[in-house]
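Fold and contact review
Listed below, chain by chain, are the residues.
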Amino acid sequence: MAYLTFAEYQGLGFTQITDPTTFSQHEVAAETQIDITTQFFYNDDYVNHSLTSDLAGDQWLVFRAKQFKRAVALQCDYFDEVGADTPVGIANQDLSSVEIGRTHVQGNSNVKATNFGKTGLANGVVAILAQIGLMERAVSYR
């Protein structure tokens, strides 16, 4: 099950992606990167937490689930903006200079400034995930 449908994306006020097929491609990639970063918190195969249940839960769970969906939408926009939907693709979009023969072209790219480390996630997405407690790293004491 996708974390976010195209209708939900539009319902959240996001308008950058207008093609449902493009959105689906970016949503799957966003899902993968967010799953890796959040240790599969809402993943269907790891049924510890359910996005659907949280949307029907108490106030905090609903808030967390809605913000999670907002983070997925923002990540889809980020992938669309940079023109790539993998960490390697994003890194390749950030070429700082190209030299062909005697011609040297140097760009002024800001992809590194908007990308959180080597995760492929936008800084804004990481900020949302951190605020709802999904970027915590701890060791179980049990």
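This is a predicted model, so every value here is computed, not measured.

Digging into the side chain of Glu27
By the element assignment, Glu27 lies in helix α2 (residues 20-37). The side chain of Glu27 sits in the buried core without any salt bridge; Lys69 is the nearest counter-charge, 7.7 Å away. Of note is the side chain of Glu27, whose polar atom sits 3.4 Å from the backbone nitrogen of Leu4. With near-sequence residues (within four places) excluded, Glu27 lies in contact with Ala2, Tyr3, Leu4, Val72 and Cys76.

Details of the pattern of salt bridges
As enumerated under the stated definition, the model contains 2 salt bridges in all. The partner of Glu8 in a salt bridge is Lys69, with the nearest N and O atoms 3.1 Å apart. Taken together, the residues span a long stretch of sequence, with Glu8 in helix α1 (residues 6-11) and Lys69 in helix α4 (residues 59-82) at a distance of 61 residues. The class for Lys69 is buried, based on a relative accessible area of 9%. Here Asp54 and Arg64 are joined by a salt bridge, their closest N and O atoms 2.7 Å apart. Of this pair, Asp54 sits in helix α3 (residues 51-55) while Arg64 sits in helix α4, placing them 10 residues apart in sequence. Pair check on accessibility: Asp54 and Arg64 agree, each one buried.

Side note on α2
In this model α2 runs 25 Å from its N-terminal to its C-terminal C-alpha over 18 residues, within 8% of the 26 Å that 1.5 Å per residue would give. When we look at burial in α2, the residues that qualify are Phe23, His26, Glu27, Ala29, Ala30, Glu31, Gln33, Ile34, Asp35 and Thr37. Looking one or two places after α2, you find Gln39, whose phi comes out positive at around 55°.

Here we look at unusual backbone geometry
Despite not being glycine, Gln39 has its phi angle at roughly 55°, a positive value. Mapped onto the fold, Gln39 is located in the loop between α2 and α3.

Focus: the layout of surface pockets
Put simply, the largest pocket is a space of about 220 Å³. Taken together, 13 residues make up the lining of the largest pocket; nearest its centre are Thr38, Gln39, Phe41, Tyr46 and His49. Split by residue class, the lining of the largest pocket holds 5 nonpolar, 5 polar and 3 charged.

What counts and how
Residues numbered from 1 in each chain as written. Predicted model: local features only at pLDDT ≥ 70, side-chain atom pairs only at ≥ 80, totals over all residues. Heavy atoms only, no water. Helix = DSSP H or I, 4+ residues; strand = E, 2+ residues; numbered from the N terminus. Buried < 20%, exposed > 50% of the residue type's maximum accessible area, 1.4 Å probe, protein only. Lys, Arg positive; Asp, Glu negative; His and termini not counted. Salt bridge = Lys/Arg side-chain N within 4 Å of Asp/Glu carboxyl O. Polar contact = N/O pair within 3.5 Å; in protein donor to acceptor, adjacent residues only side chain to side chain. Contact = heavy atoms within 4.5 Å. Expected span 1.5 Å × (residues − 1). 1 Å grid on protein atoms, 1.4 Å probe; cavity = no way out; pocket = protein on both sides within 12 Å on 5 of 7 lines; lining within 4 Å. Points joined across faces, edges and corners; volume = space filled by probe spheres on them. Nonpolar A, V, L, I, M, F, W, Y, C, P; charged D, E, K, R; others polar.

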